[in-house]
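Fold and contact review
Residues per chain, in single letters:
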Protein chains: 2
Amino acid sequence: MLTTISDLQNTVTTRSDRRSMALAVAQDPQALDAAYKATKAGYINAILIGDKPQILQIAQQKAYDLSGFDIIHEEDTNWAVEKAVRLVSQGKASILMKGNVSTGTLLRAVLNKDWGLRAGALLSHIALFELPGYHKLLGLTDVAMNVNPSLVEKVQIINNAVSFLHRLGIKNPKVAPLCAVETISEKMPPTLDAAILTQMNRRGQITGCIVDGPLAFDNAISFHSAKHKGIVSEVAGDADLLLFPNIEAGNAVYKALAAFGNGQLAAVIVGASAPIVLTSRSDSEQAKLNSILLAAAAS
Amino acid sequence: MLTTISDLQNTVTTRSDRRSMALAVAQDPQALDAAYKATKAGYINAILIGDKPQILQIAQQKAYDLSGFDIIHEEDTNWAVEKAVRLVSQGKASILMKGNVSTGTLLRAVLNKDWGLRAGALLSHIALFELPGYHKLLGLTDVAMNVNPSLVEKVQIINNAVSFLHRLGIKNPKVAPLCAVETISEKMPPTLDAAILTQMNRRGQITGCIVDGPLAFDNAISFHSAKHKGIVSEVAGDADLLLFPNIEAGNAVYKALAAFGNGQLAAVIVGASAPIVLTSRSDSEQAKLNSILLAAAAS
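Below is a summary of the structure that appears in this document. Keep in mind that this is a model prediction, so the values were computed, not measured. (Residues numbered from 1 in each chain as written. Chains lettered and ligands numbered in written order. Predicted model: local features only at pLDDT ≥ 70, side-chain atom pairs only at ≥ 80, totals over all residues. Heavy atoms only, no water.)

Quick notes on the overall build of chain A
Each helix and strand counted, chain A has 11 helices and 11 strands in total. Here chain A has a C-alpha radius of gyration of 20 Å; the compact-globule value for 299 residues is 19 Å, and the two agree. Oriented by its inertia axes, the alpha-carbon framework of chain A measures out at about 60 × 40 × 35 Å. The long-range fraction of contacts in chain A, counting pairs at least 24 apart against all pairs at least 6 apart in sequence, stands at 70%. Working note: accessible area of chain A is about 12000 Å², and carbon and sulfur atoms make up 47% of it. With 27 positive and 26 negative side-chain charges, chain A shows a spacing of 3 Å between the two charge centroids. (Helix = DSSP H or I, 4+ residues; strand = E, 2+ residues; numbered from the N terminus. Rg over C-alpha atoms; globule rule 2.2 N^0.38 Å. Contact = heavy atoms within 4.5 Å. Areas by Shrake-Rupley, 256 points an atom, 1.4 Å probe, with all protein chains shown as cover. Lys, Arg positive; Asp, Glu negative; His and termini not counted. Charge placed at Lys NZ, Arg CZ, Asp CG, Glu CD.)

Quick look at the structure:
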């Protein structure tokens, strides 16, 4: 069972071969920093695609030794992104990371029909938290990409996350469609979707996981709370993955746990043929490094 | 500035007179426990309205000394609720607490036009957190009552909370309408309401506070995150109150902070002519006691 982010470290560093990561538009101090440290830590080999003089300048300022790093010079942002994506679609890298380029530009390239990384129907975001007080890693989806997912999109978001968790070795993850309450009420549409998703799982329309909802946050993560409410559920108190009904809920919980949870976090974009590391400036250095580690562990 | 729940304790215990609290349908082991302890701690004087033999039986089992407690015998639940509410509307008690009665029954009595506690247009829930890592008490509203508030209801929820925070001595609270992002996007309707609420505040249509949104959770509570994003706002990084766009977001953040925030919390229902303590079985004993303390401090 995965209980800490450090468990991922063991997975990755004991492998015989290291995964390669293509950093698109690498002249970005923070992304380069994370890619450099992840390479030095033995998590990955970074391939830096971008403006080589600018990359070397950043490296010099930070006293990085980039000898041994693969640097592909490309001044133009769009070309640099395409080259990075093509490295992944050609199997020369197994992780894509965003550098000094907008998320929109990067994801448009990922979704390119000819040379992109399109796999399923939808890209989505998954975050994993290691929290003191919880007995295993806790996944959150989708806290950053899909705003107000429909039922069909929720199925795709679950599928993306479950397939990713399988790659980490979590065989039959327990998925909690999260709501404000654990009972079904027509006044709260997310509770209807939660019930439907649960039954779709029972009917074999969502596989590789156990879905049981609606659950409120406390029921999902605490056996004690679930018992208090008399909830009989394999998922309650033991969730591997929380499915949020809307981005406002997911994003606020993600940031609340990041700020006050006193733990560790990692996050990637899933649903493409390779994991995508897409950190934001407000993420901590540790979170960026963890996210590369997470992508490496799943690829 | 209020930075801890203990600050409320000083407010309450240094007063010359204690507030009275009417516990409706008091034959409830958990509510009675909290009311008993709050009385013994000097926060309030509890008036117990309900089935006296049952109340005394619980007291005996728990070895409480109820001598000196005002007990009003009323076997019938609806009558007991009405008597408790009337004590408050007649000024004989200044706090109402829910005992062994459903929330619906209690609130229907509160909203009774003849003898209820109706004040504003809407009842709402406010929670206050003391969190290691935040420099003052952090208010959350509404995480438990209003499901998907309209713009007008959001104004009422802000007004209820602001009026309550004023009573605690927080003179001009900083209110953050919380969204997943800090920029306005038509694809995310809560960001539109957040912008509108901000401008209503500037036009004097929402008073006694500073409203500035949309803000994401991290921008609202961290100067560092706000600065990173280049947000110029009096509220960013210094919020007293987070206004949630929907109950799924509020409820999940509330429970995430309760489970993993390593802090203290208190919560009451506001918008009636007196604060209402309405704890649930899943709240910790400390949270129940804190909630009575909070109600006492504001009344």
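Side note on the relation of the copies chain A and chain B
Mapping chain A onto chain B calls for a rotation angle of 180 degrees and an axial translation of 0.0 Å; the resulting RMSD is 0.0 Å. In the structure described here, the two chain copies are related by an operation that fits a two-fold rotation axis. Scanning chain A for the C-alpha nearest the rotation axis identifies A:A249, at a separation of 1.7 Å. Take the interface residues of chain A: 100% of them recur as interface residues in chain B, which is what a same-surface contact looks like. (Least-squares fit on C-alpha atoms with pLDDT ≥ 70 in both.)

Looking at helix 7 (residues 189-202) of chain B
Taking 1.5 Å of rise per residue, 14 residues should cover 20 Å, and helix 7 of chain B covers 20 Å from first to last C-alpha, within 8% of that figure. Buried residues along helix 7 of chain B sit in contact with helix 10 (247-260) of chain A together with helix 6 (151-167), strand 7 (174-177), strand 8 (210-211) and strand 9 (241-243) of chain B. B:G204 sits one or two residues past helix 7 of chain B and shows a positive phi near 80 degrees. (Expected span 1.5 Å × (residues − 1).)

Digging into the packing of helix 1 (residues 5-13) of chain A against helix 11 (residues 285-297) of chain A
Residues and elements named next belong to chain A. Across the interface, helix 1 lies against helix 11 with an axial gap of 9 Å and an inter-helix angle of 50 degrees. For the element pair helix 1 / helix 11, the angle class is oblique. Both helix 1 and helix 11 take part in a crossing whose hand is left-handed. Contacts from I5, L8, Q9 and V12 in helix 1 reach N290, L293, L294, A296 and A297 in helix 11. Split by residue class, the contact of helix 1 with helix 11 holds seven nonpolar, two polar and no charged. (Axes fitted to C-alpha atoms, helices over the stretch in contact; angles between N-to-C directions. Parallel < 35°, antiparallel > 145°, perpendicular 65-115°, else oblique. Left-handed = near helix turned anticlockwise from the far one by under 90°. Nonpolar A, V, L, I, M, F, W, Y, C, P; charged D, E, K, R; others polar.)

What about the packing of aromatic side chains?
Under the definition given, this model contains 10 aromatic pairs over all chains. For the ring pair A:F260 and B:Y134, a centre distance of 6.5 Å and an interplane angle of 85 degrees mean the geometry is edge-to-face. Here the residue A:F260 occupies a position in helix 10, and B:Y134 occupies one in the loop between strand 5 (124-130) and strand 6 (138-141), the pair thus bridging two chains. With respect to class, A:F260 is no different from B:Y134; both count as buried. An aromatic cluster is built from A:Y36, A:Y64 and A:F69, whose rings are joined through pairwise contacts. (Phe/Tyr/Trp six-rings, centres within 6.5 Å; stacked < 30°, edge-to-face > 60°. Buried < 20%, exposed > 50% of the residue type's maximum accessible area, 1.4 Å probe, protein only.)

Re the side chain of A:R19
Residues and elements named next belong to chain A. Secondary-structure assignment places R19 in strand 1 (residues 19-24). Classification of R19 as buried rests on a relative accessible area of 18%. Here S299 takes part through its backbone oxygen, which lies 2.9 Å from a polar atom of the side chain of R19. In contact with R19, not counting residues within four places along its chain, are I44, N45, S94, I95, A296 and S299. (Polar contact = N/O pair within 3.5 Å; in protein donor to acceptor, adjacent residues only side chain to side chain.)

Points about the interface of chain A and chain B
Many authors give the size of an interface as the accessible area that is lost as the parts come together. At the junction of the two partners, chain A supplies 34 residues and chain B supplies 35 residues. With both sides pooled, the region where chain A packs onto chain B buries about 2800 Å², and carbon together with sulfur makes up 71% of that total. In terms of surface lost to chain B, no three residues of chain A exceed A:H228, A:E248 and A:F260, which account for 26% of the buried area on that side. The interface formed by chain A and chain B contains two salt bridges. The closest approach of N and O atoms between B:K255 and A:D218, which form a salt bridge, is 3.3 Å. Counting every contact that joins chain A to chain B gives two residue pairs in polar contact (both at pLDDT 80 or more). Broken down by secondary-structure element, the contributors of at least two residues to the side of chain A that touches chain B are helix 8 (217-221) and helix 10 of chain A. Element by element, the count of residues in the side of chain A that touches chain B is highest for helix 10 of chain A, at 11 residues. Among the residues making up the side of chain A that touches chain B, the classes are represented as 22 nonpolar, seven polar and five charged. (Buried area = accessible area lost by both parts, 1.4 Å probe. Salt bridge = Lys/Arg side-chain N within 4 Å of Asp/Glu carboxyl O.)

Description of the pairing of strand 2 (residues 44-50) of chain A
Look at any regular strand and the pattern is simple: side chains alternate between the two faces of the sheet. Residue and element names in this part refer to chain A. Judged by how many residues are buried, strand 2 sits mostly within the fold: six of seven residues are covered. Here six bridges tie strand 1 to strand 2, and the two strands are oriented parallel to one another. Each residue of the ladder has a partner; that of A24, found in strand 2, is I49. Between strand 1 and its parallel partner strand 2, the chain crosses via helix 2 (residues 29-40), and the hand of that crossover is right-handed. Taken together, the four bridges between strand 2 and strand 3 (residues 70-73) define a ladder with parallel strand orientation. Note that in strand 3 the partner of I47 across the bridge is D70. Each parallel crossover has a hand, and the one from strand 2 via helix 3 (residues 52-61) to strand 3 is right-handed. (Pairing = 2+ DSSP bridges. Right-handed = clockwise from strand over helix to strand, strands pointing away.)

As for the nonpolar core
Ranked by internal contacts, the top residues of the largest apolar core, which has 61 residues, are A:L140, A:L242, B:L140 and B:L242. Those residues in contact with A:L242, other than ones at most four positions away along the chain, are A:L138, A:G139, A:L140, A:T141, A:A176, A:L178, A:F217 and A:A220. (Core = buried A, V, L, I, M, F, W, Y, C linked by side-chain atoms within 4.5 Å.)

Re the pattern of salt bridges
All names here are of chain A. The tally for this structure, following the rule as stated, stands at 22 salt bridges over all chains. Taking the shortest distance from any N to any O, the salt bridge between K37 and D33 comes out at 3.0 Å. With K37 and D33 both in helix 2, this residue pair falls four residues apart, about one helical turn. Since its relative accessible area comes to 33%, K37 is described here as partly exposed. Between K174 and D238 there is a salt bridge; the shortest N-O distance is 2.7 Å. Of this pair, K174 sits in strand 7 (residues 174-177) while D238 sits in the loop between helix 9 (223-228) and strand 9 (241-243); the two residues are 64 residues apart in sequence, bridging distant segments of the chain. We classify K174 as buried; its relative accessible area is 17%. Under the relative-accessibility criterion, D238 is labelled buried at 12%.

As for the packing of helix 2 of chain A against helix 11 of chain A
All names here are of chain A. Viewed as axis vectors pointing N to C, helix 2 and helix 11 meet at an angle of 55 degrees, and their least axial separation amounts to 9 Å. When the axes of helix 2 and helix 11 are compared, the pair comes out oblique. The hand of the helix 2/helix 11 crossing is right-handed. Here Q30, D33, A34, A35, K37 and A38 of helix 2 come into contact with helix 11, specifically with E285, K288, L289 and I292. For the contact of helix 2 with helix 11, the class distribution of residues is five nonpolar, one polar and four charged.

Remember that the coordinates give geometry; whether it matters functionally is a separate question.
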